[in-house]
Structures are given as C-alpha cells and as structure tokens.
Amino acid sequence: MTEIILRSLYVSGSALLLAALIGLPLGTALALGRFPLRRTAATLVYAGLALPPVVVGLAVYLLLSRSGPLGGLELIYSPPAMILAQALIATPYVAAITMAAVESVGPDVRLQARALGATPLQALLLHLREVRGSLVAALAAGFGAVISEVGAVMMVGGNVLGETRVMTTAIVLETRRGNFGLAIALGGVLLAIAFTVNAVLLALSRQSERRLFPS
Amino acid sequence: MAETRPRVATVLAVSSVVALSLVLASCGPRSDALHLGSTTSTYDSGLLDALVPAFTEAYPQYSVKVIAVGSGEALELGRRKDVDVLLVHAPAAELQFVRDGHGLDRHPVMYNDFVVVGPEDDPAGLREAVDVGAALRRIAAAEAEFLSRGDDSGTHKRERFLWSRAGIEPVGDWYREAGEGMAAALLVADATGAYMLADRATYSSLSDRLRLVPLLEGDPLLLNVYSVIRVSGARHPEAAGAFAAWLGSDAGRNRIATFGQAESARPLFQPVTQSDPPAETLAKLEQALSGQGLGPDR
Amino acid sequence: MSELLAAGKLEVRYHGRRVLDVEELTLCEGELLAVLGPNGAGKTTLMRVLSMLEKPQSGWVRYRDWTGAEAERALRRDAAVVFQRSHLWAGSVGYNVGLGLRLRRAGNNEMAERVHTACTALGIEDLIERDVANLSGGEAQRVAVARALILEPELLFLDEPTANLDAEVRAAFREDLARLTRSTVRGTLLITHDRAEAFYLADRVAVLKEGRLIQVGTPSDLYENPADPYIAEVTGAEFTLSGRVVGREDGLLLVDSGGVQLLSLGAAPDGADVRLAYRPEDLVLADEPRESSARNRFEASVTEVRPVGGLVRVRLDGPPGVVAVITRSSAEALGVRPGSRVTVHVKATALHAFPI
C-alpha cells in the first residue's frame, strides 16, 4: 500500500513539475505576447481543460504502443508513460490559470519596474510576483487534476502490480473485486494527500515571495 | 557586492534537471519484461498472483508484467503487440484472432464453469430446469430480475450467446445491465436478489458474503475454458513460448490445480488434460460459440 | 549651461491619432523644467518618450552624448521616474524603497542603510516596516519618491507627483520636492497640470497643448508674454474684453472695445476681431481720472462687489465690462458699491490681444 501511495506521488508530482515547466511560461507568453495565432493557441489551451483525461490516455497509448510511432522507446506500461500522459493533462490547467492571472495585471507594473532599472526579465518577474497566489493556485489545480485521475494512467500504465499501480487504479481494482472497504480507505488517503500537498504549496508560496522574486 | 544571484535562472535549471532525472530514474530495465495480457476476472481471482511468481522462479531470466483488462481489450492489445502472450476465456474471439494471423497458436490450459446463481427462494423455479436454455426461458417467462455484466467481457459474451441459443431476446424492466466487474456485479445482484451468470471462481471467492446460491450448473454450454495464445510478432517470443509451455507443463498444471485449495475443496481452475474436458465437448462448444456469430467484434 | 537631455522632431501616434508633435525640447544641467498643460495634452506621453520608456514613431532623444540603445541603457542607470500613480509591490515600505537597489544586486547591509537614509529624507523613516496596503495617499507618494531618490539619480522625472494628494498634504510635499530636487539631482523634468506648482518649482516651463509645445520660457516670460490664450489664462488672465483692431500706435495695437479705444500688446491685422486678456489685479481704480503711466483709461460703473479673502473683486460695466481685484483698504477708500462710478486705469503692457 505504501508503495502504491509513493508511486502516485511520484507520478503525479513529476507530471506537475513538467506541467509547471511548460505551463507557467506558456501561460505567461499567451498573456503578454503578441504573435500571430496567439488567440488560437489560447483557445486551444482552454479547450484542453475540457479534454477528458481518458482521451489523453488513449492518445498517449496509441503513441507509445508497440505498434505506434514511438513504440520503439518501450515506454508502454511504465511510469514514464504515466508521467507523460498526466503532464499533458495538467499543462492546460497550469497554463490557463497562469494566463488569466498574468493578464489581470496591467502593463504599468512592468513599466514601473523598468523605470526603476529592471531588465525585461526582472520586470516580468515583478509582474508575476503580483499574482504569485494565482500561480500557486494554477499548480494546485494541475495537481488536483492528475492525482485523482484514473483513465489515462490505467490505459498507459496497465495497473501492473509493483510497477504501475497507483492509488486511483488500485481503487478501481478493489472496487471491481468488491473490496469496497479497502477502496474507500484508499480514497481517504488520496483526499488526505491532496489536502496536505495543497496546504504545503500555499505555505511555500507565502514564504518564498521575496526570495524568488525578483532575482 | 552581488549578494543576490540570478535566482530565477538557477531555479529553472535545477528544476529541469530534477524533472528529467525523476522521469529517467523510473526508466529501469523494462524492455525485457514479458507482457502478459489477461482478463479482469482471471486476475481478480488471484490466480495470476500465484502463477506468475512460480513461473519466474522456474525461469529466473524472465520477468512478467500482467495487464488485466476486459477480454475485448486484451485481444486488441494482442493485435497491437503490446502484449506478448494472452491468457483469456473468449473462445470464439480467440479462434478468430488466430485465424486472422494475430496469434501463433492457441492452447486451452484450464477451465472451470459458469453457474447461474440466484436467490434462495428461486422464484423462477430454476431448480426444475433441465438445462441452461430451459433455465433462461423460465427466468424470461417469470420476468424474474436478472443482472447482466453488460460490458462485453468474456462472461457477458457467453451470457448473450446463451440467451440467443435459448431463443430469447432479453428486454424489459427485469433485465438489467451492470457494467461492472464480476465481483462488484455479484454484490449488486446479491443486494437486489437477482439472477446472474457468474464464473465459479469469482462466485466461490465471494460466496460467504453472498446470499445468492448456484441454481443451475453442469450444462456443457457453461464450460469456461481459458486458453493461452502466443501473439504473432511479439517483442519477447521466447519468453512467451516459455510461459505458454510452462502453463501446459506438469509444474504449471500443478500450480493451477492447487490454487485456492485452502478456501475451497474443489479447484477453482481445473487444468486441461488430454481427457479432461473431453475433446469432443470442447470442440462442440467452440463450434457452437463460433457458429452463433460471437466472433471478433472487439 | 550644458544639455542633459535633448529631443527633436518627436512624433507619437496612438491608433492613428497624433498625440505628440514636439519640434524640440532640452533640459539643461541644474534646472527643473516643468511641462504644463491641460489633461490629455500628451504630457505623460512626452515624459515616457523623454525617459526612453516608450519609443516615438519618429524623432530622437539624446541623453548627454548618447542616443539610441546606449542612451536608453544610460538613462536606466542614471534616471529615476515617479509616476502619477506609483505601483507599490505587496510588502513593506522598506522592501519597496529598496527595490531599485535590489534590482541592481546591492548587498543587504548597504541596502538597509540606504533605505533608512532615503526614508528619512522623505520623512517616512517610521514607516519602513509598514505594509504598503496601510498607507495614505501622501505616504504612498513619499514612498515612491524615496524609491526613486535612493538610486541617487542624475535625472529625475516626476509625473503629476501631487495630483492625487489632498490639498493639505500637497503644499508640504511640494516643499519637500523643491528641497530634494535642488540638492540631489542634476536635472528634473516635472509634469503637471497645476500652474501654481509649475510656476513655483520650475526654472523653465514648457506648455503643451494637444501634443504641441506652444511656449517654452521662464515663468516670468510666460507671465509677461503669453503666446496663447491658454497660457494667458493659465497665468491668471481673465477674458472679458473683446474688440476689433482699428490701428497701430508705437508698436501697440489699438483696439476698439465697446466704443472705448485701448492700447494693447499683441499682433493682429487691422479689422480683426480680438479678445483682450488681462489680469484683474492689473486694473487700477480711481474715483477720478489721474495722470499715470497707464495709457488706457476709461470710466465705468460698479455692478458687483464681492470680498474674497483679503481682497475685493469688483465687477464693472464700462463699456467695456471688466473685473478688477483691489485691496480692502482701496475698496474702502474709494467707497465702491454697486452703482458708484470709477475710472479704470490699465497699462498697455497688461493687455494681451489674441485673434478670435
């Protein structure tokens, strides 16, 4: 059971990290950039929020399947496949909320920063500093979307005992077997984890405000 | 005096490295594991948790990943070669699979049977039925509550075959579809006192929690045969071959027969031998199933 | 006087509309140049362009000997800007004041010391630990100025620094600005729509109207030779006289206003309709005509007398109709009351004629 819990955290945590690395800059660029197809890209990101995770799972499965284009990588039914699928699920959440947050701050904040001698990067960070709470919410949303998701990890992971079984797929398995008590217990643990992780994220954001922004 | 360094660049670099190494860390030696595709009901019985370690003990150079999904999906995984060997129980579909060239060969390795379970008071009077067809006709006539798996699993395919063989199109408020796994569906049927077609292994493992009792068993059409199929063009053909051979070997057969001995007197899974079940019975069943057109729909 | 900042042929357009069209402008070393104009004149845009925070559609800006990207870099290093609404980042006053130093990678100890010094100069050293969310408008503006001055800038740009302050705090703040800009920076550009502030603080005033500079000069220049009715108005003139040019005399215009002939400064062709700008305090009232240097003299009756503070506003009906402002004692001495007749004396140089 511990192994399953740790694996859930590992898979969803890694996925969140990837989603953050892609989603935070992407959301910022969509909010502040002026490039052709920006509107289209933004609409796609929002559409990504409505994409059912199991469909993402199916797409990644078809990609990584041995008879698929990336089959040679031998990633099917392994944690990296699950991390990839979950990263794709979480990224729209992170990007969309980041985009809305960054848009909500006017350009005079960056102008003020530049007037104080900030480089464009420093000015951008000072801009982001103003919405750091929302950025944390973006990460929390991304995490929430993947820690509780079951369709994608089931498809690309296969729920293999000792290798790719996570809390959600274990819950499905035990429910199917009729072990409702165990399934509910796992669900409780899942909730507790989601709660704790979000509390930690929130606390971290409060403390790191000055150390991270600006450089 | 530059006391505060470019923190952002550092954070970005560090987290990228962390992210990559996390992902790569889990990329262990995965390419040599044999992918075994099986069905959820097989897996849920716990049989594979007993068989697989025995196999890897006999063949330490192999490791096995068990992917347990619905039988339709298992066969599709076989077609995509995402599994190297299959252990399933959908005879008509299996035969088609091999005929289409996706499987190298198919060998029945074990069997048990389906049973029709129902409430103790048996409102439809199944105890008087002579065979499964008669039983189903009685249920339809009495419009007694019947719960179907409804998920196109091996069990559900058999159930549909049996209805059509009995000449009945089951519709009405009395016929419900659960869309759940075998065990969960049994619990639902138990709660509402419905009739149901179940595989003996799952029923046995749950029987002390259930009030449902077996009311019709033994009909040859209720034979539930599990076969091992080597996938053609598999990634690990030698491992697949070793596994298939081991299942049919004395060691394998013994493991199958002794599974679940502690909980039930009768073996949950009976290894297939030359004479058991009789080849004729098997052949007739396969013909009947194929003839009824329960072919490769998944 | 050496030039700190110079600009020429500046043109800025927003959505096709021209908001700034400045032929040339310089800021000299040691001076405070005020840019005065009504709202919407383009003053903020001018400041942004001069501080190189914004690029004009055409034109150039030179800071000392640099132009282009080099000048921009140098300005970011040497100049500080205080906006009308300064953005304060969430955190303490100390954090905000030290922000510029933090951006320049200053060390923590040095920063603490300089923050304290800058806050003391603005009188807000007690607020260093306070959260910026709990500041009054005046305190917030002081934080913004402290944040700018801590960088020890050579050049200071101020955009309407007292516009959002209450009247009581405005005067004190203005005093502090006067003191600070003299002592610490080499040149200041002050944007304002408040003429009193401009005239009080500035060495030179540039008047901007609808994107164009209509006059640049010392406060006295503007006061004595307004180039435009707006400038005359801004320097305290009132318009109640209109008339027609009927001739010239000694380089002055002869304007007929309601039958009375008045000599005035200005330029207009014969026969043109003009408005005569004058300051009420430049009209001298007497109970009978007397010899004086004022070349304009006419009789009028009083229609309204209104005390304003220590002065008295007198409305007179000539023709022409005018308003005069005299001291209380004069009013008493003359015995002005509605209906009484007085003689109005006004110097030709106190009248400015502008074509209508």
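Residues numbered from 1 in each chain as written. Chains lettered and ligands numbered in written order. Predicted model: local features only at pLDDT ≥ 70, side-chain atom pairs only at ≥ 80, totals over all residues.

**Here's the deal with the overall build of chain B**
Secondary structure summary: chain B contains twelve helices and ten strands in total. Across its three principal axes, chain B shows a C-alpha extent of roughly 95 × 45 × 40 Å. A buried classification covers 44% of the 298 residues belonging to chain B. Within chain B, contacts between residues at least 6 apart in sequence are counted, and of these 78% link residues at least 24 apart. (Helix = DSSP H or I, 4+ residues; strand = E, 2+ residues; numbered from the N terminus. Buried ≥ 20, exposed ≤ 12 C-beta atoms within 10 Å, placed from the backbone. Contact = placed C-beta atoms within 7 Å.)

**Focus on the overall build of chain C**
Summing up its helical and strand segments, chain C has eleven helices and 20 strands in all. Residues counted as buried form 41% of the 356 residues belonging to chain C. Long-range pairs, those at least 24 residues apart, make up 66% of the contacts in chain C with a sequence separation of at least 6.

**Concerning the sheet that holds strand E19 (residues 341-346) of chain C**
Residues and elements named next belong to chain C. Taking strand neighbours across the sheet as the criterion, the five strands line up as E15-E19-E16-E17-E18 in an open arrangement whose pairing is antiparallel. Each having just a single partner strand, strand E15 (284-286) and strand E18 (321-327) make up the two edges of the open sheet. Looking at each pair of strands side by side, their axes are set apart by 45 degrees on average, direction ignored. Judged from the six bridges that link them, strand E16 (residues 296-308) and E19 form a sheet pairing that is antiparallel. Along E19, the bridge assignment pairs arginine 297 with histidine 345. (Pairing = 2+ DSSP bridges. Axes fitted to C-alpha atoms, helices over the stretch in contact; angles between N-to-C directions.)

**Some words on the interface of chain A and chain B**
Interface size is commonly expressed as the accessible area that is lost once the parts come together. Across the contact, 27 residues belong to chain A and 33 residues belong to chain B. At the level of secondary structure, the elements contributing two or more residues to the side of chain A that touches chain B comprise helix H1 (2-32), helix H4 (79-103), helix H9 (167-177) and helix H10 (180-212) of chain A. Sorting elements by how many residues they give to the side of chain A that touches chain B places H1(A) first, with four residues. The residue inventory of the side of chain A that touches chain B, partitioned by class, reads twelve nonpolar, nine polar and six charged. (Nonpolar A, V, L, I, M, F, W, Y, C, P; charged D, E, K, R; others polar.)

**A look at the domain arrangement of chain B**
Residue and element names in this part refer to chain B. Entries for chain B in the domain assignment read domain 1 (13-112 + 223-291) and domain 2 (114-221). Between domain 1 and domain 2, the contact holds 21 residues from the first and 19 residues from the second. Listing elements by their share of the side of domain 1 that touches domain 2, those giving two or more residues are helix H2 (40-44), helix H4 (71-79), strand E9 (223-231) and helix H12 (279-291). The greatest single-element share of the side of domain 1 that touches domain 2, amounting to four residues, is contributed by H12. (Domains from an automatic or database assignment.)

**Considerations on the nonpolar core**
Counting 223 residues, the largest nonpolar core has Ala85(A), Val156(A) and Val85(B) as its most contacted members. What Ala85(A) contacts, discounting residues up to four positions off in sequence, is Val56(A), Gly57(A), Val60(A), Ala152(A), Val153(A) and Val156(A). Counting residues in hydrophobic clusters, the runner-up holds 34 residues, among them Tyr175(B), Met196(B), Leu197(B) and Leu212(B). (Core = buried A, V, L, I, M, F, W, Y, C linked by C-beta atoms within 7 Å.)

**Quick word on helix H6 (residues 132-142) of chain B**
Residues and elements named next belong to chain B. Looking only at H6, the buried set comprises Val132, Ala135, Leu136, Arg138, Ile139 and Ala140. Lining the buried residues of H6 we find strand E4 (103-118), strand E5 (146-148), helix H7 (154-165), strand E7 (195-199) and strand E8 (213-216). Of the residues flanking the end of H6, it is glutamate 143, one or two places downstream, whose phi is positive at about 50 degrees.

**Observations regarding the interface of chain A and chain C**
Each side of the interface is counted separately: chain A has 14 residues, and chain C has 14 residues. Secondary-structure elements contributing two or more residues to the side of chain A that touches chain C are helix H5 (108-115) and helix H6 (120-129) of chain A. For the side of chain A that touches chain C, the element with the highest residue contribution is H5(A), accounting for six residues. In terms of residue class, the side of chain A that touches chain C is built from seven nonpolar, three polar and four charged.

**Examining the pairing of strand E1 (residues 3-14) of chain C**
Residues and elements named next belong to chain C. Direction of pairing for E1 relative to strand E2 (residues 17-28): antiparallel, over a ladder of ten bridges. Pairing of alanine 7 across the sheet is with leucine 25, part of E2. In this antiparallel pair of consecutive strands, E1 and E2, the connection spans two residues, and histidine 15 shows a positive phi of 50 degrees. Pairing geometry for E1 and strand E4 (residues 58-63), over five bridges, is antiparallel. Within E4, the residue paired with leucine 5 across the bridge is tyrosine 63.

**Brief notes about unusual backbone geometry**
Look at Leu37(A): it is not a glycine, yet its phi comes out positive at around 70 degrees. Its place among the elements puts Leu37(A) in the loop between H1 and helix H2 (38-50). On the basis of neighbour counts, which here come to 9 C-beta atoms within 10 Å, the residue Leu37(A) falls in the exposed class. Residue Glu143(B) is not a glycine yet carries a positive backbone phi of 50 degrees. With respect to the element layout, Glu143(B) can be found in the loop between H6 and E5.

**Points about the sheet that holds strand E5 (residues 66-67) of chain C**
In space, the four strands of this open sheet follow the order E2-E1-E4-E5 (chain C), with antiparallel pairing throughout. Across the chains shown, the open sheet's two edge strands, defined by having one partner strand only, are E2 and E5 of chain C.

**Observations concerning the confidence of the model for chain C**
Here chain C averages 88 in pLDDT, and 100% of its residues register 70 or above. Our summary of model confidence lists the complex with pTM equal to 0.78 and ipTM equal to 0.78. (pLDDT = per-residue confidence, 0-100.)

**What to know about the packing of H2(A) against H4(A)**
To describe two helices that pack against each other, one gives the angle between their axes and the distance between the axes. All names here are of chain A. Contact geometry for H2 and H4: axes closest at 8 Å, N-to-C directions at 125 degrees. As summarised for this structure, H2 and H4 are arranged oblique, according to the angle between their axes. Relative to H4, the crossing made by H2 is left-handed. Residues Ala42, Val45, Tyr46, Gly48 and Leu49 of H2 pack against Pro92, Tyr93, Ala95, Ala96 and Met99 of H4. (Parallel < 35°, antiparallel > 145°, perpendicular 65-115°, else oblique. Left-handed = near helix turned anticlockwise from the far one by under 90°.)

**Side note on the packing of helix H3 (residues 53-64) of chain A against H4(A)**
Residues and elements named next belong to chain A. It is the contact of H3 with H4, at a shortest axis distance of 9 Å, that shows an interaxial angle of 135 degrees. Between H3 and H4, the angle falls in the class oblique. For the pair H3 and H4, the sense of crossing is right-handed. From H3, Pro53, Val56, Gly57, Val60 and Leu64 reach across to H4, where they touch Ala81, Leu84, Ala85, Leu88 and Ile89.

**With respect to the environment of Ala68(B)**
Relative to the assigned elements, Ala68(B) resides in strand E2 (residues 63-69). With 23 C-beta atoms counted inside 10 Å, the residue Ala68(B) sits in the buried group. Linking Ala68(B) and Ser38(B), residues 30 residues apart in sequence, is a C-alpha distance of 4.9 Å. Residues contacting Ala68(B), with those up to four places away along its chain left out, are Asn159(A), Ser38(B), Thr39(B), Thr40(B) and Tyr43(B).

**As for the pairing of strand E11 (residues 238-249) of chain C**
Residues and elements named next belong to chain C. Bridge count for E11 against strand E14 (residues 273-278) is six bridges, and the pairing is antiparallel. Across the sheet, residue glycine 243 finds its bridge partner in E14, namely valine 274. When E11 meets strand E12 (residues 252-257), the two strands line up antiparallel, connected through five bridges. Bridged to valine 245 within E12 is valine 255. If you look at the hairpin formed by E11 and E12, you'll find two residues sitting between the two strands, and aspartate 250 has a positive phi there, around 50 degrees.

**Some thoughts on the confidence of the model for chain B**
Residues and elements named next belong to chain B. Looking at chain B, pLDDT values average 86 and 91% of them are 70 or higher. For chain B, per-element mean pLDDT is lowest for helix H1 (residues 7-25), which scores 71, and highest for strand E3 (residues 85-88), which scores 95. Low pLDDT (under 50) marks residues 1-6, which in the prediction has ten contacts with non-local residues, meaning those over four places away or in another chain. Confidence drops under pLDDT 50 across residues 293-298; counting only partners more than four residues distant or on other chains, this segment forms 18 contacts.

**Observations regarding the environment of Ala29(A)**
For Ala29(A), the position within the fold is in helix H1. In this structure the C-alpha to C-alpha distance between Ala29(A) and Tyr10(A), which are 19 residues apart in sequence, comes to 28 Å.

**What to know about the environment of Arg110(A)**
Residue and element names in this part refer to chain A. Inspection of the secondary structure puts arginine 110 in helix H5. It is 8.2 Å that separates the C-alpha atoms of arginine 110 and proline 120, two residues lying ten residues apart in sequence. Not counting the four nearest positions on each side in its chain, arginine 110 is found in contact with Ala123, Leu124 and His127.

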